[in-house]
Every structure is written in structure tokens, then in C-alpha cells.
Amino acid sequence: AVVSTQSTGEVVEGSDSLVSSEKEVVQYLYTGMAKKYHNQQVVALPTSLSSLSNNITVLASTAERQYYSCRFSTAHETCLQALRLDPYHPPTLLVHIGCLYELGRRNDLYILGHKLVDLYPKSHLSWYAVGIYYSLIKKWESARQYLSKSTNLNKLFAAGWLAYGHAFAAEGENDQALATYFTASRLLKGCHLPLLYIGLQYSSTNNPILAEKFFKEAVSLAPDDPFLLAEMGSLYTQTGRWEYALSYLQSALTKVKEGGHEWAASTWAPLYINLGQIYRIAKQYDQAIQCFKHAQFLSSDSSTVYTGLAFVYALQGDPMLSVEYCHKALDKERQDPFTIQLLEMSLSALALTSLSDDSKSVKGDDDSPSDVFSASSSSLTQFSTPIF
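The paragraphs below set out a description of the structure included in this document. It should be emphasised that the depicted structure is a prediction, and the values quoted were computed from it without experimental measurement.

Rules used throughout
- Residues numbered from 1 in each chain as written.
- Predicted model: local features only at pLDDT ≥ 70, side-chain atom pairs only at ≥ 80, totals over all residues.
- Heavy atoms only, no water.
- Salt bridge = Lys/Arg side-chain N within 4 Å of Asp/Glu carboxyl O.
- Helix = DSSP H or I, 4+ residues; strand = E, 2+ residues; numbered from the N terminus.
- Buried < 20%, exposed > 50% of the residue type's maximum accessible area, 1.4 Å probe, protein only.
- Expected span 1.5 Å × (residues − 1).
- Axes fitted to C-alpha atoms, helices over the stretch in contact; angles between N-to-C directions.
- Parallel < 35°, antiparallel > 145°, perpendicular 65-115°, else oblique.
- Left-handed = near helix turned anticlockwise from the far one by under 90°.
- Contact = heavy atoms within 4.5 Å.
- Nonpolar A, V, L, I, M, F, W, Y, C, P; charged D, E, K, R; others polar.

Take the pattern of salt bridges next. Tallied over the full model, the rule gives seven salt bridges. For the salt bridge of Glu171 with Arg144, the shortest nitrogen-to-oxygen distance reads 3.0 Å. Of the two residues, Glu171 sits in the loop between α9 (158-169) and α10 (174-187) while Arg144 sits in helix α8 (residues 140-153), which places them 27 residues apart along the sequence. Since its relative accessible area comes to 43%, Glu171 is described here as partly exposed. The exposure class of Arg144 is buried, given its relative accessible area of 15%. Note that Glu212 and Arg241 form a salt bridge whose closest N and O atoms lie 3.2 Å from each other. Taken together, the positions of Glu212 in helix α12 (residues 208-221) and Arg241 in the loop between α13 (226-238) and α14 (242-259) put the pair 29 residues apart, joining distant regions of the chain. Taken together, the shared-partner salt bridges in this structure form one network comprising Glu212, Lys216 and Arg241.

Below you can see the structure in the form of C-alpha cells.
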């Protein structure tokens, strides 16, 4: 990975001897290489370079930036355009494999992997494609086998090391995952992705101090990455630092809306769930309900969404709606202990309300289950970060 520590503007402004058209060329080339892993903008080809619009190197660079901006369908189309010029152009194939994974095109990925292995059995990229296919169908042991072969063929193949780490992390093999991510971090100096995944591993093993350390290092390199901001918010939510959590989650949501990402809608549901929890804790119940409703629209199969709504309605003194959403949550997760407890309390409150208008509601009760919910594993949803 090529990551520049000097801004493209400084490079161009320092080149006083360049004419205007040459400056455009230099700026385009440097911008194409610098900070491609988190920059949301796809750099347009300058008019002075219009003759290169069908150049395979330019197309590969454009596809890569589209991919890292989460515009997977667009990147896939650009890759196909480049592959028509050279079906086995390695930089384009690497992006193409990632696009097929993100778009869930398992048949295309299967065919591509077999074709590459038949033609280039000693290429690390061939076995990488096979490993990514098995990652897509969630056969993690096979994925690790082929990704290991890919990294053995090319020990400097950073994308292979990252994917290898994901295959370990998917089955809770945290030590092996960390080892591969640290290897990737040595190969990707200046890139925030290995640091992000290292932080995620520490977060998943209840080590928030080290998780925060690596997340902060990642943020210093990619302050606008919505996935990273969301993970920071999730971490601060888990550790009870509500103001920090709210700030990072709101920033992540802003970046998502600005970026035009093509991720599946369910990818962003945990972001709204965590925001809803923070607003509930801050007693901003209307905002909490809005967030949970957004999450419900994005991911209607999540029991956490319905439990969150049930709890907010209980705190607002509306036991009837609380009971309704408790039942919906239990349809998704029948044995959730907190939802069962909340349902019992809401039913009691509803019975008391029917007997007397002066009965004490759930709202404002010091013995309400708010503390239980805050500590419950179902109250926090770790953000789902993309793996490529």
C-alpha cells in the first residue's frame, strides 16, 4: 500500500516549474495513491488526461478508490471494463475479487478462482480468490487453508494476511487473528485497517484499554472512516463513556449519509441501535425511539431492536406498547432473560393501570430494570465492520 504523508496540494504547490497541465497530472497521480483506504472521494480524471480514460492502469486505480469508498457496484463495473482489456491484470483482479465478495456473487467468484488456479497455480492471487470464495460461503477452515497458501506464496501480500486474519476471527481464534493482523500492520504502514481489526479483537476479548489504544491510532490515520468511528462509539458505549460514545456514533452516522455507501441496509442497523441506547440512557426517549425505528426498518429480524423499543416505552409510562414490543422481541429470541423480566414488569404495570388511573407506572421507578439492561449483553451491538 502506498500512503503519502504529504498532501497532494503541498506536492503540487511546491513544483513551481510545472505548467498547469503538468500540475494536473502530478496531482491526479499523487491523489490516486494517497490515503485511498479512507478517502470518500473518487478523483476525476483531468481533462488533460482524457486520452487515458480507457487506460487499464487508470481504470484499476479508479476501481480501487471506488471500492474503498464502498461503491461496490460501480467498482465492479469499472473492473469489468478494465478486464476486457486484460482479463488477468493483477491490480484489477484484486479489486474485482473484493467486489465479488461484497456483492455476494459466489458463483462468479467460484468460477474466477478455478480459472485462476488452472492458469496460474503458483500465483498468490489465484489461491487468494479461492480463499475468499470459502470466506463468502463461511467455510472458514477451507478459507484459512487457501489463504495460508496464498500468503506462503507471497509473504508480502497484505490483503491476503488481512483476509487470513478474518478467517481466524470469524471462529473466535483471537490469538491467531491478532498474529496475522500484526503481520498485516507491518506490511501496511500508514494504513488504518490492520489497527482497526487489532482493536476489534481486543474489544471482543474484553480488553477495552488496548482496544482503545489501537482504535485511536487508526483514527489518527483515517478520521473520516464511518466503520472506525462506529466501532469507537460501540467501545465507549460498552465502557459507559456515554458522551464520547454519542459523539463518535453521531459522526459515523453523518459520514454514512455523506458517503453514499452501498453496503446492505442491515449493515448500519447496529449504528442506530447503539445510538438508541445512548439516547435512552440520556433520557431523550423520543430520539431513542426514532433510532430504534430506523434500526427496525433496516433490520427487522433483530430482537435487540424490539427489546430497546419495549424498554423505552416502559420508561415513558406506556406499558401496553412495552408489552407489544416485548412479544415481538421474544418471537425472535425466546429465552432472552431481560426481555422476559421486562415483559413481567410491563404486564404488572398494565394490570395496575387498568385498576386505577393513579397507579404507579414503570416510568421514574428507581427499581426499574435500566441498570440490568445497560449491563445486558443484548443492550450493545458491536458494529459489523467490512472485512475487505
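Before going further, it helps to spend a moment on helix α18 (residues 319-332). Its 14 residues give α18 an end-to-end C-alpha distance of 20 Å, which sits within 8% of 20 Å, the value for a rise of 1.5 Å per residue. When we look at burial in α18, the residues that qualify are Pro319, Ser322, Val323, Tyr325, Cys326, Ala329 and Leu330.

Between helix α3 (residues 56-68) and helix α5 (residues 90-102), whose axes approach to 9 Å, the crossing angle comes to 30°. By the angle between their directions, the pair α3 and α5 is classed as roughly parallel. Crossing handedness for the pair α3 and α5: left-handed. Note on element contacts: α5 touches α3 through Pro91, Thr92, Val95, Gly98, Cys99 and Glu102, opposite Ile56, Ala60, Ala63, Glu64 and Tyr67. Residue composition of the contact of α3 with α5, by class: seven nonpolar, two polar and two charged.

Honestly, it's all geometry; don't read function into it.
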